Amino acid sequence: MNRPVQRPRRLRNGPVVRGLVRESTPSVEQLVLPLFVVDGTGIREPVQQLPGVERRSIDEASGLIEEALDLGIRAFAPFPSVRDRDKDAEASMATREDSLGARTIRALADRFPEAILVADVALDPYSSDGHDGLVVDGRIVNDPTVDVLAEMAVMLAECGAGIVAPSDMMDGRVGSIRTALDRAGSTDTIIMSYAAKYASAFYGPFRAALDSAPTERPGVPSDKRSYQMDPANSNEAVREARLDLEEGADIVMVKPGLPYLDVIRRLRSELDSPVAAYHVSGEFAMLRFAAAAGALRYEDALAESIQSLTRAGADIVLTYGAIDFARIIRAGGDR
Ligand code: PBG
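Let me begin by describing the structure that accompanies this report. Predicted model, so just to flag it, every value in this text is computed and none were measured. (Residues numbered from 1 in each chain as written. Predicted model: local features only at pLDDT ≥ 70, side-chain atom pairs only at ≥ 80, totals over all residues. Heavy atoms only, no water.)

1. As for helix H9 (residues 281-292)
- The end-to-end C-alpha distance of H9, which contains 12 residues, comes to 16 Å, matching closely the 16 Å that a straight helix rising 1.5 Å per residue would cover.
- Taken as a whole, H9 has its buried residues at Ser281, Gly282, Glu283, Phe284, Ala285, Leu287 and Ala290.
- Those residues of H9 that are buried are in contact with helix H6 (204-210), strand E11 (275-279) and helix H10 (298-312).
- Where H9 terminates, the next one or two residues include Gly294, which has phi positive at roughly 80°. (Helix = DSSP H or I, 4+ residues; strand = E, 2+ residues; numbered from the N terminus. Expected span 1.5 Å × (residues − 1). Buried < 20%, exposed > 50% of the residue type's maximum accessible area, 1.4 Å probe, protein only. Contact = heavy atoms within 4.5 Å.)

2. Description of the site of the ligand
- The local shell around the ligand holds 17 residues, among which Arg207, Lys224, Lys255, Ser281 and Tyr320 are the closest.
- Between the ligand and Asp124, the relevant distance is 2.9 Å, taken from a nitrogen atom to a side-chain nitrogen or oxygen of the residue.
- Residue Asp132 places a side-chain N or O atom 3.0 Å away from a nitrogen atom belonging to the ligand.
- Judged by the fraction of its atoms near the pocket grid, the ligand is located in the largest cavity. (Near = heavy atom within 4 Å. Polar contact = N/O pair within 3.5 Å; in protein donor to acceptor, adjacent residues only side chain to side chain. 1 Å grid on protein atoms, 1.4 Å probe; cavity = no way out; pocket = protein on both sides within 12 Å on 5 of 7 lines; lining within 4 Å. Sits in = over half its atoms within 2 Å of the grid points.)

3. Topic: the pattern of salt bridges
- Under the definition given, this model contains 22 salt bridges.
- In this structure, the salt-bridge partner of Arg178 is Asp182, at a minimum N-O distance of 3.0 Å. One end of the pair, Arg178, and the other, Asp182, are both in helix H5 (residues 173-183), 4 residues apart, so they sit about a helical turn from each other.
- Relative accessible area serves as the criterion here: at 12%, Arg178 is assigned to the buried category. (Salt bridge = Lys/Arg side-chain N within 4 Å of Asp/Glu carboxyl O.)

4. Description of a nonpolar patch on the surface
- A cluster of nonpolar residues, Leu11, Val16, Leu20 and Val21, forms a patch on the protein surface that exposes about 420 Å² of accessible area.
- Tracing the chain through its elements places Val21 in helix H1 (residues 15-21). (Patch = residues over 30% accessible without salt bridge, like charges linked within 9 Å, V, L, I, M, F, W, Y side chains within 5 Å. Areas by Shrake-Rupley, 256 points an atom, 1.4 Å probe, with all protein chains shown as cover.)

5. Focus: unusual backbone geometry
- Between Lys255 and Pro256 the backbone carries a cis peptide bond, its omega angle lying at -10°.
- Locating Pro256 in the fold gives a position in the loop between strand E10 (251-255) and helix H8 (261-270).
- Backbone geometry at Ala91 places phi at a positive 50°, although glycine is not the residue there.
- Among the secondary structure elements, Ala91 is positioned in the loop between strand E4 (75-80) and helix H3 (100-111).
- On the basis of relative accessible area, Ala91 is assigned to the buried category, the value being 4%.
- Of note, Asp137 is a non-glycine position whose phi angle comes to about 50°, a positive value.
- With respect to the element layout, Asp137 can be found in the loop between strand E6 (134-136) and strand E7 (139-141).

6. Some details on the packing of aromatic side chains
- All chains considered together, the criterion is met by 9 aromatic pairs.
- The interplanar angle of 50° and the centroid separation of 6.0 Å between the aromatic rings of Phe284 and Tyr320 together place this pair among those described as tilted. With Phe284 in helix H9 and Tyr320 in the loop between strand E12 (316-319) and helix H11 (322-331), this residue pair connects regions lying 36 residues apart in the sequence.
- Residue Phe284 is classed as buried on the basis of its relative accessible area, which comes to 0%.
- Above the face of the Tyr203 ring, Lys255 is positioned so that its terminal group lies 4.6 Å from the ring centre.
- Of note, Arg288 hangs over the ring of Tyr298, and the distance from its end group to the ring centre comes to 3.9 Å. (Phe/Tyr/Trp six-rings, centres within 6.5 Å; stacked < 30°, edge-to-face > 60°. Lys NZ or Arg CZ within 6 Å of the ring centre and 35° of its normal.)

7. Let's talk about empty space enclosed by the protein
- On inspection of all chains with the given rule, the structure shows 2 cavities of 30 Å³ or more.
- One number sums up the size of the largest cavity: a volume of about 150 Å³.
- Around the largest cavity, the lining is made up of 18 residues, and of these Asp124, Lys197, Tyr203, Phe206 and Lys255 lie nearest the centre.
- Residue assignment for the lining of the largest cavity shows that the elements contributing at least two residues are strand E9 (190-197) and H6.
- Considering only residue class, the lining of the largest cavity consists of 7 nonpolar, 4 polar and 7 charged.
- Considering only enclosed or pocket space, the second largest cavity measures out at about 100 Å³ in volume. (Points joined across faces, edges and corners; volume = space filled by probe spheres on them. Nonpolar A, V, L, I, M, F, W, Y, C, P; charged D, E, K, R; others polar.)

8. A short note on the nonpolar core
- In terms of nonpolar packing, the biggest core is built from 111 residues, with Leu33, Phe36, Ile73, Phe76, Tyr278 and Leu318 touching the most fellow members.
- By residue number, the principal contributor to this core is helix H4 (residues 142-159), which donates 11 residues.
- When residues no more than four places from it in sequence are discounted, the contact partners of Tyr278 are Pro34, Phe79, Tyr194, Phe206, Met253, Val254, Lys255, Pro256, Gly257, Glu283, Leu318 and Tyr320. (Core = buried A, V, L, I, M, F, W, Y, C linked by side-chain atoms within 4.5 Å.)

Okay, here's the thing in structure tokens:
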């Protein structure tokens, strides 16, 4: 019988050897926890489409952040889930200092100076049509939207956001935001751009949490495909990320995560900036629903998901499972 000389299994014999040869180990420092915030006090409401995640009032969100800080998580991305009466077709609340998003950043920055807050810059939480940009004559207009986003970013930086994260996919917004921040004296505010953000089906639970799905209204596009990327493309992702970096982005993001591991890998190898991956709501919900049906173990599937994102090249991972994963890391053991 022919015996193999090469036996890769030798390096899988037991946790010690596996630990020695493990190529990447995601750490808690790389995690960003997204959270949903609502008006009011003492509110914690589960999001049915996103099991394990709640919409919380600012006071209750603070409790969650304390829990996360105890586990070593330091970065948080709050998303405002805005009441209908604070939404309009122009998303006029987006730039206001009394918007839920702005109040959230101020309150959390004040309470948690040791944390870094990632403020989302896009119009959808405040738009009654659920779009990230302004809608004029049935189209999402680019340049007028960019002006509003730049104003919004400056305002959120002044509220205490250490990172502003334009998630809108308008052309040229990073450059305009950088210029506006610098003019306002916020030269140290980091821009993490959603550079390769795809028009994805995996945002469903997020839109349910924010009630921000594009409306089915005559004269308003019913999807985001005129600004978010076509899932078929990856050269375009490199181009988008390069443009954002040229315009002044500090970190570029790929979103969603797991369905786009090849894109994460390309940006990691073709660019020299940090790359973030957003393990989005639909990806997270799949784990939860599958686990609830007895199809897999949530903790194992979550750890493998995050491991895969960092193996592909993500330096930063945004995940609704950040707290659970931090607990898994803390428990240690053979993963
Ligand atoms: C919108 C925004 C979306 C997400 C983050 N910012 C949804 C969308 O583009 O419709 C999705 C995040 C997730 O699904 O977890 N600016």
